[in-house]
Amino acid sequence: MSSSETSATPLLVLRKITAILDAFSLVRPELSLAEIRSSTGVPHSTVQRLVANMVQEGILDRHGDRYRVGVRMAHWAAPATQGLDFLELLTPVLRRLRDDLGETACIFRESQGKRVCIALAETRRMLRRAVSVGEIMPLHVGAAGRVLLAWNPEVADEVYRSGLASLTDQTITDAASLEESVAKVRADGFAITTGERVSGASGISAPIFGPQGELFGALTVMGPALRMPFDVCASWVEQVLAAAEEGTRVIGGTIPQ
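Just so it is clear, the model here is predicted, and its values are computed rather than measured. (Residues numbered from 1 in each chain as written. Predicted model: local features only at pLDDT ≥ 70, side-chain atom pairs only at ≥ 80, totals over all residues. Heavy atoms only, no water.)

**Some words on the side chain of Thr220**
Formally: The helix and strand labels rest on DSSP assignments: H or I over at least four residues marks a helix, E over at least two residues marks a strand, and numbering proceeds from the N terminus. N or O atoms closer than or at 3.5 Å make up a polar contact, with two conditions inside protein: a donor-capable atom paired with an acceptor-capable one, and, for residues adjacent in sequence, both atoms drawn from side chains. Whether two residues touch is decided by their heavy atoms; if any such pair falls within 4.5 Å, the residues are in contact.
Position of Thr220 among the secondary structure elements: in strand 9 (residues 215-224). Polar side-chain contacts of Thr220 include one of 3.5 Å to the backbone oxygen of Ala218. With residues near it in sequence (within four places) discarded, Thr220 still touches Thr104, Ala105, Cys106, Phe108, Ala144, Ile204 and Ser205.

**Re the packing of aromatic side chains**
This is how it is decided: Classification of ring pairs uses Phe, Tyr and Trp, with its six-membered ring standing for Trp, and accepts pairs whose centres are within 6.5 Å; under 30 degrees between planes counts as stacked, over 60 as edge-to-face, and the remaining range as tilted. Buried means the residue's accessible area, taken with a 1.4 Å probe over protein chains only, is under 20% of the maximum for its type, while exposed means over 50%, and partly exposed covers the values in between. In this analysis the charged atom, NZ for Lys or CZ for Arg, is taken to sit over a ring once it is within 6 Å of the ring centre and within 35 degrees of the ring normal.
The tally for this structure, following the rule as stated, stands at two aromatic pairs. The interplanar angle of 65 degrees and the centroid separation of 5.6 Å between the aromatic rings of Phe86 and Phe216 together place this pair among those described as edge-to-face. Linking Phe86 in helix 5 (residues 86-101) with Phe216 in strand 9, this pair joins segments that are 130 residues apart in sequence. By relative accessible area, which is 8% here, Phe216 ends up buried. Considering the side-chain rings of Trp151 and Phe209, the 6.0 Å spacing of their centres and the 75 degrees angle between planes classify their relative orientation as edge-to-face. Placement of Trp151 in the loop between helix 6 (142-150) and helix 7 (153-162) and of Phe209 in strand 8 (residues 201-209) is noted, with a sequence separation of 58 residues between them. For the pair Trp151 and Phe209, one class covers both residues: buried. The ring centre of Phe216 lies 4.4 Å from the NZ or CZ of Arg109, which sits over that ring. Positioned over the ring face of Phe108 is Arg115, at 4.7 Å from the centre of the ring.

**Brief notes about the pairing of strand 9**
Formally: For two strands to count as paired, DSSP must find a minimum of two bridges between them.
Along strand 9, ten of the ten residues are buried, which leaves the element largely enclosed by surrounding structure. Where strand 4 (residues 104-111) meets strand 9, five bridges bridge the pair, whose relative direction is antiparallel. Paired with Thr104 across the strands is Met222, a residue of strand 9. Pairing between strand 8 and strand 9: nine bridges, direction antiparallel.

**Let's talk about the environment of Val185**
Tracing the sequence through the fold places Val185 in helix 8 (residues 175-188). Expressed as a C-alpha distance, the spacing of Val185 and Ala206, which sit 21 residues apart in the sequence, is 9.0 Å. If sequence neighbours within four positions are ignored, Val185 has contacts with Arg146, Val147, Ala150, Trp151, Phe190 and Ala191.

As structure tokens, this is what we get:
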């Protein structure tokens, strides 16, 4: 073997390890060996050997015959994001999503029982769903609110008990119905709503997670229901989930158990 081939071998191994890690996503946080092999195209014997080594080093965790990204990865990711402005890291993600879908992309976080817009990439279209950074909205309405409740059960319990004000004829005002809707969002991994806060407006939202697997915020695409009826929102699910996963990764986040 030539010296150039020898020096290239560690790089090839790193590429295969990277491909294995890239196979995991928010949509598919657990994979079998066969699924990893299918996603990466790496031969079975190589996948088996690399995965076993990655489990031994804590890069992957094993649960029966399935694997997840290891908790140790969160420990490594924390120093990488120390001192960085998360919003600065997330802004390019929002802009790409806005450009891909043509509608406003933003991030909401929960604060004192409300949701607050903390970042925004506004649509370039004249007809738009008006929103601004710092705007405060109720938690019990809209796709972003649904996501923030789904991964924040203590806040959700308070919201269910607080009385649900009706903002439009589509607002859910029954606590049991809202709780059922929130449970479905948690199971699905995303939320789609139409006309709950403002008549004629739609939204689709997915969670971004922080370094300890905690909910960081809700990545949301919103716009007029005329351009975003339910079937259009449903066709964007994979793109929104992929953007939320990218957001999780760029801030050094980790997918919760």
